Amino acid sequence: MAAILSAARGSRRELALLSLLGAALFFGFWQMLAISGLVSKFVLPSPGEVLIAALTMMVEPFAGNTIQGHVAASLGRWAMGFGLAAAIGVPLGLAMGYWRLLDAMVSPVFEAYRYIAPLAWVPFAALWFGTGIGGPVMVIFTGAFAPCVLNAYRGANLVERHLVEAARTLGAGSIRVMAEVLLPGALPSVVSGLRVGAGLGWQSLIGAELIVVSSGIGYVLVQGQSNLAPEIVIAAMVAVGLTGLLIDIALRLAEARIRQRWGQTP
Amino acid sequence: MKPKTAIGLATVLVLLLAWYLATDVAGLIDRQRFPSPGDIWTAGAQIMTRGYAGGTLVPQALYSLRLVVLGFLVAAGTGVPLGILMGLSRRFEALVNPAFLLVRPIPPLAWIPLAIVWLGLADSAKVLVIWFAAFVPAVINSHTGIRNVDRTLIAAGRVHGASQARIVWDVLIPGAMPMIFTGLRLSLQASWTTLVAAELIGAVLGLGKVMSTAYRDIYPAMIAVGMITVALLGALTTKVLDLIERRVVPWRQY
């Protein structure tokens, strides 16, 4: 992917300098806006104030816990919801790829489900499973489920049919074919699905915590908002972004390793 | 009818029947928690005629729809040009990327509290949040679309003496169009998710307001009515976008 317009190509060093300039402009503009007095401190705190708020929250509890504690609470919920979505979604997707009948039966229901925004499940989740652990876990599940199923299904469809037939001829049962032929064959696709699902699950969790929960990083956002403390809100936003980024990097590394070992699916 | 469609249709009908029998007829499921088809029908009729949570269904739905369309248009109108510029010029990309990379990992929903601090519960707060949510996919896909245009086509344009501006206008932008629309479809989806969340958190009117009121009243059938309406509107707006795409990108293979 070389430059398209030669005039705008630029050398590597020039581009690095421009990137530095861009970052400096971003923070500089923010800082200027904050100290200029054009906007109130209760609207936009300076980058320094956000940093101080973040460091303070790391040692002094806010809304019942330190910021690490809140992130850990959120991560625990996320792991449960995402684990459940993967544990149900991947086998379902593989089974849909294996049995045409199941595919025909589940597909329309699944299509209808996909049109419902994950966050729209929040009221039902709270009604059915409460606002403690169950409700948020269900919201994360609804967010992460679709990509888990879809990618396992697509991956299973990409596995060469005669491999499946060979395994069957040699006497493997359905479960064994799915576990030992379809799953390894579909693995690269499954892992990409898990990565997408993990991201969507994390986003849905934030939504659920904003609406109903009384702990976790989403709750810090709400508390910062009702205390009219935008520096706390922004610090929590950064924490949310960083955690999501770390989850994504971890899964990207896993994905790269699996692709190396199990090959590339288109 | 293809056998696959027939089986699918049969499954849906069986499920609906089982649901009806388990709730309305046999009463096996607690209707305080899980609504029956009859309950949903009643709730639907109630909101259509007498209204619920501050209005009848049509104004509530139009209110939400208007905010989504507004936020989506602002996001598409800013995100697509930015993505195209980033795709065209590596210098511009290098300049803008740091800010973009800092903002990108933050989930759109996390902007909601900040938007409330800034703008309260006004419509502008929701449009702002939808803009943030829908902006990122629009930028990324437009950028990738421009970068992925077949270089042979660009070279061919040059050989035939096209100017830079013409190459951009007649080769690069049409070449990126399919990718741009993929991004817009993701943007639209993000717009709906974000709007629902924003309205659940705080709103005066709209489908999210219907759902949060129904949750407080423990009225599951009305929650379901809200969900179904959101899903239908989401499907409808996606359909409209598909039609526009067919118009704008008639050469795309389906």
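How each quantity is defined
- Residues numbered from 1 in each chain as written.
- Chains lettered and ligands numbered in written order.
- Predicted model: local features only at pLDDT ≥ 70, side-chain atom pairs only at ≥ 80, totals over all residues.
- Helix = DSSP H or I, 4+ residues; strand = E, 2+ residues; numbered from the N terminus.
- Rg over C-alpha atoms; globule rule 2.2 N^0.38 Å.
- Buried ≥ 20, exposed ≤ 12 C-beta atoms within 10 Å, placed from the backbone.
- Contact = placed C-beta atoms within 7 Å.
- Core = buried A, V, L, I, M, F, W, Y, C linked by C-beta atoms within 7 Å.
- Expected span 1.5 Å × (residues − 1).
- Bend = angle between axes of the 7 residues up to and from the residue.
- Nonpolar A, V, L, I, M, F, W, Y, C, P; charged D, E, K, R; others polar.
- Domains from an automatic or database assignment.
- pLDDT = per-residue confidence, 0-100.
- Axes fitted to C-alpha atoms, helices over the stretch in contact; angles between N-to-C directions.
- Left-handed = near helix turned anticlockwise from the far one by under 90°.

**Q** Outline the overall build of chain A, supporting the account with residue identities and numerical values.
**A** From N to C terminus, chain A includes 10 helices and 0 strands. Ordered by position from N to C terminus, the α and β elements of chain A give α-α-α-α-α-α-α-α-α-α. The globule rule puts the C-alpha radius of gyration for 266 residues at 18 Å, and the 23 Å found for chain A is more than 25% above it. Its C-alpha atoms give chain A principal-axis dimensions of roughly 75 × 60 × 30 Å. Residue burial in chain A is summarised as follows: out of 266 residues, 42% are buried. Expressed as a percentage of contacts within chain A between residues at least 6 apart in sequence, the contacts between residues at least 24 apart total 75%.

**Q** Describe the nonpolar core, listing the residues and the values that go with them.
**A** V122 and A236 of chain A together with I112, V129, I130 and M222 of chain B are the most contacted members of the largest nonpolar core, which has 140 residues in total. For V122 of chain A, the residues in contact, after removing those within four places along its chain, are V139, G207, A208, I211 and V212 of chain A together with L200 of chain B. Counting 5 residues, the second largest nonpolar core, distinct from the first, contains L18 of chain A together with M86, A94 and V96 of chain B.

**Q** Lay out helix 8 (residues 174-211) of chain A in plain terms, naming residues and giving numbers.
**A** Residues and elements named next belong to chain A. Its 38 residues place the ends of helix 8 only 43 Å apart at the C-alpha level, less than the 56 Å of an ideal helix rising 1.5 Å per residue. At L187, helix 8 shows its maximal bend, which comes to roughly 65°, and the proline P188 appears one to four places after that position. Of all 38 residues that make up helix 8, 29 are buried, and the element is covered over most of its length.

**Q** Before we move on, could you go through the environment of L188 of chain B and cite the residues and values that matter?
**A** Counting through the fold element by element, L188 of chain B comes out in helix 8 (residues 164-201). Filtering out sequence-adjacent residues up to four positions away, L188 of chain B remains in contact with F72, T237, T238 and L241 of chain B.

**Q** Can you tell me about the interface of chain A and chain B, naming the residues and giving the values?
**A** At the junction of the two partners, chain A supplies 52 residues and chain B supplies 51 residues. A per-element tally of the side of chain A that touches chain B places helix 10 (residues 230-262) of chain A first, with 8 residues. The residue makeup of the side of chain A that touches chain B, split by class, is 41 nonpolar, 10 polar and 1 charged.

**Q** Outline the domain arrangement of chain B, supporting the account with residue identities and numerical values.
**A** Residues and elements named next belong to chain B. Under the domain assignment, chain B is made up of domain 1 (1-30) and domain 2 (33-248). The gap between the C-alpha centroids of domain 1 and domain 2 is 33 Å. Facing the 7 residues of domain 1 at the interface are 5 residues of domain 2. Considering only residue class, the side of domain 1 that touches domain 2 consists of 4 nonpolar, 1 polar and 2 charged.

**Q** Report on helix 5 (residues 122-129) of chain A, specifying residues and quantitative values.
**A** Every buried residue of helix 5 of chain A is listed here: V122, P123, F124, A125 and A126 of chain A. Residues of helix 5 of chain A that are buried make contact with helix 6 (134-158) and helix 8 of chain A together with helix 8, helix 9 (207-216) and helix 10 (220-248) of chain B. Positive phi appears at G130 of chain A, one or two residues downstream of helix 5 of chain A, with a value of about 80°.

**Q** Describe unusual backbone geometry, with residues and values.
**A** In this model, L228 of chain A sits at a positive phi of 50°, which is unusual for a non-glycine residue. Given 11 C-beta atoms within 10 Å, L228 of chain A falls into the exposed group. Despite not being glycine, A53 of chain B has its phi angle at roughly 55°, a positive value. With respect to the helices and strands, the residue A53 of chain B is situated in the loop between helix 2 (37-49) and helix 3 (57-88). Using a count of 23 C-beta atoms within 10 Å as the deciding quantity, one classes A53 of chain B as buried.

**Q** How would you summarise the confidence of the model for chain A if you had to cite specific residues and measurements?
**A** All names here are of chain A. A residue-level look at chain A finds 95% of positions with pLDDT of 70 or above and a mean pLDDT of 86. When mean pLDDT is taken per element in chain A, helix 3 (residues 67-98) scores highest with 92 and helix 7 (residues 161-169) scores lowest with 86. For the stretch residues 1-8, pLDDT sits under 50, and the model shows 15 contacts to residues farther than four places along the chain or on other chains.

**Q** Tell me about the packing of helix 3 of chain A against helix 8 of chain A, residues and numbers included.
**A** Taken N-terminus to C-terminus, the directions of helix 3 of chain A and helix 8 of chain A make an angle of 145°; their axes are 7 Å apart at the nearest point. Judged by the twist between their axes, the crossing of helix 3 of chain A over helix 8 of chain A is right-handed.

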